[in-house]
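# Topology and contacts: notes
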Amino acid sequence: MACFIVPLTQAIATTVYRKHVEKKVQLEGEKRLSTFNYQLSTHLKTLELMLWGGSLMLIVDHIISGEVTWMYPFFTALEREGGAMVMLREMLTVGLPMSVIVTLAWAGYCYLKERKAVKA
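Scope of this entry: the structure provided in the associated data block.

Calculation notes
Residues numbered from 1 in each chain as written. Predicted model: local features only at pLDDT ≥ 70, side-chain atom pairs only at ≥ 80, totals over all residues. Heavy atoms only, no water. Helix = DSSP H or I, 4+ residues; strand = E, 2+ residues; numbered from the N terminus. Expected span 1.5 Å × (residues − 1). Buried < 20%, exposed > 50% of the residue type's maximum accessible area, 1.4 Å probe, protein only. Phe/Tyr/Trp six-rings, centres within 6.5 Å; stacked < 30°, edge-to-face > 60°.

## Focus on helix α1 (residues 5-28)
Compared with an ideal rise of 1.5 Å per residue, which puts 24 residues at 34 Å, α1 spans 34 Å between its outermost C-alpha atoms and is within 8% of the ideal. Taken together, the buried positions of α1 are V6, P7, A11, T14, T15, R18 and V21.

Structure representation (structure tokens):
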């Protein structure tokens, strides 16, 4: 019911970081950034899209299944006692591994893309 909060938070942080790096590149030029940071920043948009898309799909799924409502407290788990702990447990056991797996898949994508660019 609250598993989408972790990837959504990561998507927001990734967006803020990407915009910061883009602004830094515009001001200082790409030569001032380390090679690793510059290569990372070129692929951040992909991670950002993966996280935003996955979070949006999870939000829609939870709305359809009735776990998230349009009325306060928004999460049906919060309507009963101990619901906050249930939400926290789900965020740690489902949301966190989901974010880690998406990030690892993105890292594999970046590795393969850079490897292909070196061969070409």
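What follows continues from the structure just given.
## With respect to the packing of aromatic side chains
Aromatic ring pairs: the centre-centre distance and the angle between the two ring planes describe each pair. Overall, the coordinates contain two aromatic pairs when judged by the stated rule. Judged by centre distance (6.0 Å) and plane angle (25 degrees), the rings of F4 and F75 are stacked. Here F75 lies in the loop between α2 (35-65) and α3 (83-119) and F4 lies in the segment before α1, a separation of 71 residues in the sequence. An identical accessibility class is assigned to F4 and F75; each is buried. Note on Y72 and F74: the rings are 6.1 Å apart at their centroids and 85 degrees apart in plane angle, and the pair reads as edge-to-face. The class for Y72 is exposed, based on a relative accessible area of 73%.

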